[in-house]
Amino acid sequence: PAGIMHILSYATQVVPGLADLPIEDTWAGLRPTTPDKGPILGQTPWKNLYLAGGNWRNGVLLAPKTGQLIASLIVSRNKDVGDDNTALFLSQEDQNFLKAFG
C-alpha cells in the first residue's frame, strides 16, 4: 500500500479528481531478470525444455529475435546431423549469442 500511495500522491497532483475515486484493483508489471541482467536462452538438461526469459524491460523489444533464436535451436536439435548441428540454422553471431546467455 505504501507504494500505491506514493504513486497516487503524484497522480493526484496532475489529476486532482483521482483522489475522489476508489482503488478497485492493483497490478504490478514486474519484469523478470537475472542477477547479471542478462537473459537466459537455450536448451536445458531436460528433453524438449528450452528457456527464453530474463530479458527484464527489453523483453518486448527482444521478443522477435528471441523467438527466432529459440525456434532455430529447436529445429536444429531435432535434426539428425551430429552433435553441434546449430550451425545449420544459426549464424555464427547467433551461435555466440546463445553460448553467452545459455
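Anyway, here's the lowdown on the structure attached to this text. All of these numbers come straight from a predicted model, not from anything done at the bench.

**What to know about the nonpolar core**
Counting six residues, the largest nonpolar core is built from Leu41, Tyr50, Leu69, Ile70, Leu73 and Leu98. The leading source of residues in this core is helix α2 (residues 59-77), at three residues.

**A short note on the side chain of Asn55**
By the element assignment, Asn55 lies in the loop between β2 (50-53) and α2. Residue Asn55 is classed as buried on the basis of its relative accessible area, which comes to 13%. Not counting the four nearest positions on each side in its chain, Asn55 is found in contact with Pro32, Pro39, Leu62 and Thr66.

**Examining unusual backbone geometry**
Non-glycine residue Asn48 carries a positive phi angle of around 60 degrees. Mapped onto the fold, Asn48 is located in the loop between β1 (40-43) and β2. Even without glycine at this site, Trp56 takes up a positive phi of about 55 degrees. Note that Trp56 resides in the loop between β2 and α2.

**Considerations on a nonpolar patch on the surface**
A cluster of nonpolar side chains, Val14, Val15, Leu18 and Leu21, forms an exposed patch at the surface whose accessible area comes to about 360 Å². Looking at the element boundaries, Val14 is found in helix α1 (residues 2-14). The exposure class assigned to Val14 is exposed, which follows from its relative accessible area of 67%.

**Things to note about the packing of aromatic side chains**
Taken as a whole and assessed by the stated rule, the structure comprises zero aromatic pairs. Lys37 extends its terminal NZ or CZ atom over the ring of Trp56, reaching a point 5.6 Å from the ring centre.

**Here we look at the pairing of β1**
Direction of pairing for β1 relative to β2: antiparallel, over a ladder of four bridges. What sits directly across from Gly42, in β2, is Leu51. Here β1 hands over to β2 after six residues, with Asn48 in that stretch at a positive phi of 60 degrees.

**Side note on the environment of Asp36**
Structurally, Asp36 can be placed in the loop between α1 and β1. Reaching out from Asp36, the side chain makes a polar contact with the side chain of Thr34 at a distance of 2.8 Å. Looking at Asp36, its side chain comes within polar contact range of the main-chain nitrogen of Gly38, at 2.9 Å.

Calculation notes
- Residues numbered from 1 in each chain as written.
- Predicted model: local features only at pLDDT ≥ 70, side-chain atom pairs only at ≥ 80, totals over all residues.
- Heavy atoms only, no water.
- Core = buried A, V, L, I, M, F, W, Y, C linked by side-chain atoms within 4.5 Å.
- Buried < 20%, exposed > 50% of the residue type's maximum accessible area, 1.4 Å probe, protein only.
- Helix = DSSP H or I, 4+ residues; strand = E, 2+ residues; numbered from the N terminus.
- Contact = heavy atoms within 4.5 Å.
- Patch = residues over 30% accessible without salt bridge, like charges linked within 9 Å, V, L, I, M, F, W, Y side chains within 5 Å.
- Areas by Shrake-Rupley, 256 points an atom, 1.4 Å probe, with all protein chains shown as cover.
- Salt bridge = Lys/Arg side-chain N within 4 Å of Asp/Glu carboxyl O.
- Phe/Tyr/Trp six-rings, centres within 6.5 Å; stacked < 30°, edge-to-face > 60°.
- Lys NZ or Arg CZ within 6 Å of the ring centre and 35° of its normal.
- Pairing = 2+ DSSP bridges.
- Polar contact = N/O pair within 3.5 Å; in protein donor to acceptor, adjacent residues only side chain to side chain.

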